[in-house]
Amino acid sequence: LKDGREMKKMFISIVPNRYFEFALDLLYKMDLQLGNYLRSQFTDAVVFGVLATIALWLLGVKYFLFIGVFAGLANLIPYVGPIAGALPAVAVALFDAGDVTLALQIVLAFIILKLTDDMLVQPLLVAKGVHMHPLLVLLAIIIGGELFGMLGMLLAVPATGFAKVVLQESIVTLKKYRFTD
């Protein structure tokens, strides 16, 4: 983040004058794409937090508001986040109320919430944010996971978004300016 401007300046200085406008436009649109992706991830965290808060309230868990907000923030961390979000609620159910049944209900509620988030909310929000079809988002995550594991799953959607922007802008620019030597 600190050297973002310097990196852009260095990249632009390497680009021949002929492609200067194209490179600037491309960098701008890639920046927009990344911003849209991050905003959609934060929106997903808010939605998950609200749903977790409602579920905990319906189950009668003490401190449901604080735990629900924490669960939403923790959901930003892939894989570990939902577990970290559910642990305080389970701890309250076990240690404060001494109710194993409530703890199991909380675990079930978080499993249902996470499945709903992964299969419905997140693909729709991210797809809308990065302007890609939800199936393309899911396919990118699956391919990223198969090729590069967890890191591939994390970076699959932004990388696919960047590729989409580069491809679209290249086609538009080639049609517009007809770069030939």
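Remember, predicted model here, so these are calculated numbers, not experimental data. (Residues numbered from 1 in each chain as written. Predicted model: local features only at pLDDT ≥ 70, side-chain atom pairs only at ≥ 80, totals over all residues. Heavy atoms only, no water.)

Bringing the environment of I142 into the picture now. Structurally, I142 is set in helix α6 (residues 134-177). Measuring from C-alpha to C-alpha, the distance between I142 and A52 comes to 26 Å, with 90 residues separating the pair along the chain. (Helix = DSSP H or I, 4+ residues; strand = E, 2+ residues; numbered from the N terminus.)

A separate point is the layout of surface pockets. Unoccupied space between atoms shows up once a probe the size of one water molecule is rolled over them. In this structure, the largest pocket spans a volume of roughly 910 Å³. Lining of the largest pocket is provided by 34 residues; of these, P78, Y79, K114, D118 and Q122 occupy positions nearest its centre. For the lining of the largest pocket, the secondary structure elements donating two or more residues are α2 (20-59), α4 (80-96), α5 (100-130) and α6. For the second largest pocket, the calculated volume is near 550 Å³. Around the second largest pocket sit 13 residues that line it, and G4, M7, K8, D31 and L34 are the ones nearest its centre. Secondary-structure elements contributing two or more residues to the lining of the second largest pocket are α1 (4-14) and α2. Of all the elements, α1 adds the most residues to the lining of the second largest pocket, at 5 residues. Taken together, the residues of the lining of the second largest pocket break down into 7 nonpolar, 1 polar and 5 charged. (1 Å grid on protein atoms, 1.4 Å probe; cavity = no way out; pocket = protein on both sides within 12 Å on 5 of 7 lines; lining within 4 Å. Points joined across faces, edges and corners; volume = space filled by probe spheres on them. Nonpolar A, V, L, I, M, F, W, Y, C, P; charged D, E, K, R; others polar.)

Before going further, it helps to spend a moment on the nonpolar core. Within soluble globular proteins, side chains that are nonpolar generally end up buried alongside one another. If you look at the biggest cluster of nonpolar residues, it comprises 18 residues, and the most contacted ones within it are L56, V61, I67, I106 and F110. It is α5 that contributes the most residues to this core, 6 residues altogether. With residues up to four places along the chain from it excluded, the contact list for I67 reads L56, V61, K62, G85, P88, A89 and V92. One finds V126, A127, V130 and V157 within the second-largest nonpolar core, a separate group that totals 7 residues. (Core = buried A, V, L, I, M, F, W, Y, C linked by side-chain atoms within 4.5 Å. Buried < 20%, exposed > 50% of the residue type's maximum accessible area, 1.4 Å probe, protein only. Contact = heavy atoms within 4.5 Å.)

According to the stated counting rule, one finds 5 salt bridges in the structure shown. In this structure, the salt-bridge partner of K29 is E169, at a minimum N-O distance of 3.1 Å. Here K29, found in helix α2, pairs with E169, found in helix α6; they are 140 residues apart in sequence, far enough to count as distant. Since its relative accessible area comes to 29%, K29 is described here as partly exposed. Across the pair K62 and D96 runs a salt bridge, and its minimum N-O distance is 3.3 Å. Remark: D96 occurs in helix α4 and K62 occurs in the loop between α2 and α3 (64-74); sequence separation between them is 34 residues. On the basis of relative accessible area, K62 is assigned to the partly exposed category, the value being 46%. (Salt bridge = Lys/Arg side-chain N within 4 Å of Asp/Glu carboxyl O.)

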